[in-house]
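Understanding the architecture of this molecule
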Amino acid sequence: MTATMESLIGLVNRIQRACTALGDYGGGDSTFASLWDALPSVAVVGGQSSGKSSVLESIVGRDFLPRGSGIVTRRPLVLQLHKTESRSEEYAEFGHLPRKRFTDFALVRKEIADETDRITGKTKQISPIPIHLSIYSPDVVNLTLIDLPGLTKIAVEGQSETIVEDIENMVRLYVEKPNSIILAISPANQDIATSDAIKLAKEVDPLGERTFGVVTKLDLMDKGTNALDVLEGRSYRLQHPWVGIVNRSQADINKNTDMMYARRREREYFATSPDYGHLANKMGSEYLAKLLSQHLETVIKAKIPGIISLINKGVDEMEAELDRLGRPIAVDAGAQLYTILELCRAFDKIFKEHLDGGRPGGDRIYGVFDNQLPAALRKLPFDKHLSLQNVRKIVSEADGYQPHLIAPEQGYRRLIEGSLNLFRGPAEASVDAVHFVLKELVRKSIGETEELRRFPTLQSALAAAAGESLEKFRDESKKTVIRLVEMESSYLTVDFFRKLPQEVERVGPNGAPPPGDRRTSSAADRRHPQQDRGIPNSDRVNPTDPLGDRYADAHFRRIGSNVSSYIGMVSDTIKSTIPKAVVLCQVKEAKQNLLNYFYTQIGRKEAKQLSELLDEDPTLMSKRLEIAKRLELYKVSRDEIDAVAWVR
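This write-up is about the structure you can find in this document. (Residues numbered from 1 in each chain as written. Predicted model: local features only at pLDDT ≥ 70, side-chain atom pairs only at ≥ 80, totals over all residues. Heavy atoms only, no water.)

Some remarks on the environment of N256
Selection rule: The way it works is that DSSP assigns letters per residue, a run of H or I at least four long becomes a helix, a run of E at least two long becomes a strand, and they are numbered from the N terminus.
Within the secondary structure, N256 sits in the loop between α8 (250–254) and α9 (259–272). Separated by 193 residues in sequence, N256 and D63 place their C-alpha atoms 8.1 Å apart.

Below is the structure:
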C-alpha cells in the first residue's frame with residue numbers, strides 16, 4: 001500500500017507540473033474545470049518573519065530558499081519532494097528547466113530568485129504563476145508543499161499600494177480550495193490571536209478540518225512562558241494536532257549550519273525541554289513532514305474518485321470542443337479540396353434552410369412582395385399623370401391638326417405608355433430589396449456555419465463569390481422585370497377597351513337629331529360648328545381655349561378614367577408577375593447555383609492556393625493546440641491513476 005500511495009503522490013506531482021505548463025494553476029476563467037484545483041496539495045501560509053522558510057528548509061533538510069527583508073517569496077513555489085533510495089545522489093530540478101539537474105543548492109536558491117525576476121521583473125511585485133521545484137533525496141518524505149508569499153500589513157517603498165490585498169487574494173485563492181491542506185505557521189513569540197495565518201485559515205476553514213497549525217521559534221519565548229495552551233489545542237482547537245518547530249537561529253543561517261545537525265539539535269531540544277518533553281515524539285520538522293505526507297496520502301486516496309470524475313467530464317467536454325473547432329487539416333491538395341467542398345456544402349445547406357423557412361430570414365423576401373411592392377405601386381403618381389389638364393394636353397397633342405373622330409387612340413396609347421413607364425421604379429426596387437435580403441442571408445449563413453469559423457480567408461472568399469453570383473442574378477432579374485413592363489407597353493389588351501361604352505354622337509335617321517335633342521333646327525346647327533355636336537352646353541369650354549374648342553372636360557375625364565381602369569388592371573398583373581420573375585431569376589438561382597462559379601475556380605487552384613484558403617485564425621489554432629495538449633494530459637492522468645490507485 002505504501003508504494004501505491006507514494007506512486008499517487010508522485011502522479012499528483014507530475015500532473016501539477018503539466019498543469020502549470022498548460023497555464024492551469026487554479027482560480028482562472030478557463031472554459032474547462034481546473035484539474036489543478038482538484039488535486040490535493042499542502043499550502044504553506046504565514047506572515048512575514050513567521051519562520052515559514054525555515055520550516056520548509058527543515059522539512060527538506062537543505063538550505064535552498066532565498067532570504068532577505070520584505071517580501072522574498074513573490075511567486076508561489078510548488079515544492080515537490082521525492083524520496084529516493086538511500087545513498088542515492090541528492091538533486092533538484094525545475095519545471096522550467098526539465099533536463100537540468102542541480103546538485104548545488106546554492107544555485108537552486110539563485111535560480112528561484114532569477115526565475116521570479118523573469119516574470120515580475122526586478123521589482124517587489126508579485127505573480128500568481130508558480131515555480132515548480134522537485135527535490136530528490138533519501139532524506140525527505142513524499143510530499144508536495146506550496147510556499148506562498150508571506151502575508152503583510154503594509155506596503156513598503158517600491159510596492160503597489162494594493163500589495164497587501166493582492167497577496168491575501170493570492171493566498172486565499174489557494175487555501176479556499178476544498179482539496180487544499182492548510183499549513184498555518186505562527187511564531188511562538190506572538191499572540192496566536194493575532195496570527196495572520198490562523199485568522200485566514202479560520203475564515204476559509206472554520207471547523208479546522210483542513211488546517212494544520214505550526215508554532216515556530218519556541219526557543220525564543222520569554223523565560224517562564226511556553227506555548228502549551230496552543231500546542232495542546234486549548235487556545236485554538238483544530239481537528240489535527242499542532243506541531244512545534246525550533247528553527248535555526250540567524251547565526252546558524254549565517255554560519256551555514258548543517259541542516260542534519262539542526263534536526264538533531266531540534267530533537268534534543270524537545271526531548272530535554274521541561275515544558276515540551278511529554279510531547280517530544282509529536283514535535284519537530286521531521287514529525288511534521290511525516291504527518292503531512294501521511295495525511296496527504298489519505299486525502300489523495302479519498303479524492304481519487306472525484307478527480308477521475310472531473311477528468312472524465314473534462315475529456316468529454318474537450319472532445320466535443322475539438323469537434324466543434326474542427327480537427328487539423330491534411331496537407332495534400334486532394335484532402336484540402338475535399339475539405340473546402342465539404343465546408344461549402346455546409347454553408348449552402350444553412351443558406352437554403354434560411355430560404356426555405358428552416359431558419360429565420362427567408363420570410364423577409366415574402367415581405368418585399370406582400371408589403372413593399374404593393375405600397376410602392378400605390379404611391380405611383382397616376383393622379384398627376386391622368387389629371388384633367390395632362391390628359392387634355394396629351395390627347396390634343398396626339399391628335400395634331402386632325403381631331404380624332406370617335407376615340408382618341410393615339411392619345412390613349414400615349415397616356416397608357418406614360419403610365420406603364422412608372423412601373424419600372426417599383427419593379428427595380430423589388431429586385432434590389434430581394435438582393436439585399438439574399439446578401440444578408442449569405443452573411444448570416446457564413447456566420448452560422450460552425451465549420452467555417454476557423455477559416456477566415458475561406459469565409460471572405462465564399463462571401464465574395466456568393467456576392468458576385470448574387471450581382472449577376474440581380475442584373476438578370478432586373479432585365480426580366482423590365483421586360484415584363486415593356487411587354488405591357490408593347491401590346492395592349494384590346495378586349496378591355498372593346499368592352500368600354502363607346503363615345504359616339506347620338507343622331508337620328510338620315511343624320512337628324514333624335515327627338516328631344518337640343519339641336520332641333522338648322523339655325524342651331526349654323527350657330528354651333530360641327531365639332532360641337534353631341535357636346536352639352538354645360539360641358540363646353542371657353543371658346544378662347546384652343547384645346548377646349550375641340551372637346552369638353554367630361555370627354556377628357558372619361559378618357560382619364562378609362563386609362564386609370566386599364567392601369568389598375570395592369571398593376572394587378574405586375575403585382576403578381578414581378579414576384580414570380582424575381583423568385584425565378586434570384587431566389588431559385590441562389591438556391592441552385594450560388595457557388596457554381598466558385599466551384600469552377602476552386603477546381604483550378606493549386607495546392608498552395610488551397611492552403612491559403614484554409615489558413616486558420618491564429619487564435620483558433622492556438623486554442624485547438626491548447627485544448628489538444630490539455631486533453632492529452634487528462635487522458636494520460638486518467639490512465640496512470642487507474643493503474644496505481646487501486647493496487648493492493
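Back to the write-up after that little detour.
A word on the pairing of strand β8 (residues 211–216)
If a strand is regular, its side chains alternate between the two faces of the sheet. Going by this rule: The cut-offs for exposure are 20% and 50% of the maximum accessible area for each residue type, with area from a 1.4 Å probe on protein chains only; residues under the lower value are buried, those over the upper are exposed, and the others partly exposed. One requirement defines pairing of two strands: DSSP has to find at least two bridges between them. Place the viewer so that the strands point away; then a crossover is right-handed whenever the path from the first strand over the helix to the second strand goes clockwise.
β8 sits mainly inside the fold: 6 of its 6 residues count as buried. On β8, burial covers both faces: T211, G213 and V215 on one face and F212, V214 and T216 on the other are all buried. Taken together, the 6 bridges between strand β7 (residues 180–187) and β8 define a ladder with parallel strand orientation. Following the sheet pairing, A184 is matched in β8 by G213. Tracing the backbone out of β7, into helix α6 (residues 196–204) and back to the parallel element β8 gives a crossover that is right-handed.

Examining unusual backbone geometry
We note that K217 has phi near 60 degrees; this positive angle belongs to a residue other than glycine. With respect to the element layout, K217 can be found in the loop between β8 and α7 (228–231). The class of K217 is buried, set by a relative accessible area of 19%.

Digging into the sheet that holds β7
Selection rule: Whether two residues are in contact is decided by their heavy atoms: any pair within 4.5 Å suffices. The convention used is that axes are lines fitted to C-alpha atoms, helices contributing only their stretch in contact, and that angles between N-to-C directions extend from 0 to 180 degrees.
Spatially, β4-β3-β5-β2-β6-β1-β7-β8-β9 is the arrangement adopted by the 9 strands of the open sheet, whose pairing is mixed. Because the sheet does not close on itself, it has two edges, and the strands there are β4 (97–102) and β9 (243–244). Here strand β1 (residues 41–46) runs beside β7; their pairing, made up of 6 bridges, is parallel. Bridge assignment links A43 to a residue of β7, and that residue is I182. Where helix α3 (residues 52–60) meets the sheet, its contacts fall on β1, β2 (77–83), β5 (131–137), β6 (143–147), β7 and β8, and the angle it forms with β6 comes to roughly 160 degrees.

Section: the packing of helix α12 (residues 363–378) against helix α16 (residues 424–448)
So the rule is basically this: If an angle is under 35 degrees, it is roughly parallel; if it is over 145, roughly antiparallel; if it lies from 65 to 115, roughly perpendicular; otherwise it is oblique. Here is the rule for handedness: rotate from the far helix to the near one, and if that takes an anticlockwise turn smaller than a right angle the crossing is left-handed, while a clockwise turn gives right-handed. Residue type decides the class: Asp, Glu, Lys and Arg count as charged, Ala, Val, Leu, Ile, Met, Phe, Trp, Tyr, Cys and Pro as nonpolar, and the leftover types, Gly among them, as polar.
The contact between α12 and α16 brings their axes to 10 Å, and the two run at 155 degrees. On the basis of the axis angle, α12 is roughly antiparallel to α16. As α12 packs across α16, the resulting crossing turns out to be right-handed. Residues R364, I365, V368, F369, Q372, L373, A376 and L377 of α12 form the contact with α16, whose own contacting residues are P426, S430, A433, V434, F436, V437, L438 and E440. Residues belonging to the contact of α12 with α16 are distributed by class as follows: 12 nonpolar, 2 polar and 2 charged.

Some details on the packing of aromatic side chains
Geometry of an aromatic ring pair is reported as the spacing of the ring centres plus the angle between the planes. Quick note on the threshold: In summary, the pairing rule links any two rings of Phe, Tyr or Trp, Trp by its six-membered ring, whose centres are within 6.5 Å, and it sorts them by plane angle into stacked for under 30 degrees, edge-to-face for over 60 and tilted for everything else. Both a distance and an angle decide whether a charge sits over a ring: NZ of Lys or CZ of Arg must be within 6 Å of the ring centre and within 35 degrees of the ring normal.
This model, assessed by the stated rule, comprises 10 aromatic pairs. Three or more aromatic residues joined by ring pairs form one cluster here, namely Y412, F496, F497 and Y566. Note that R101 overlies the ring of Y91, its terminal NZ or CZ placed 3.9 Å from the centroid. The aromatic ring of Y597 is capped on one face by K472, whose charged end is 4.7 Å from the ring centroid.

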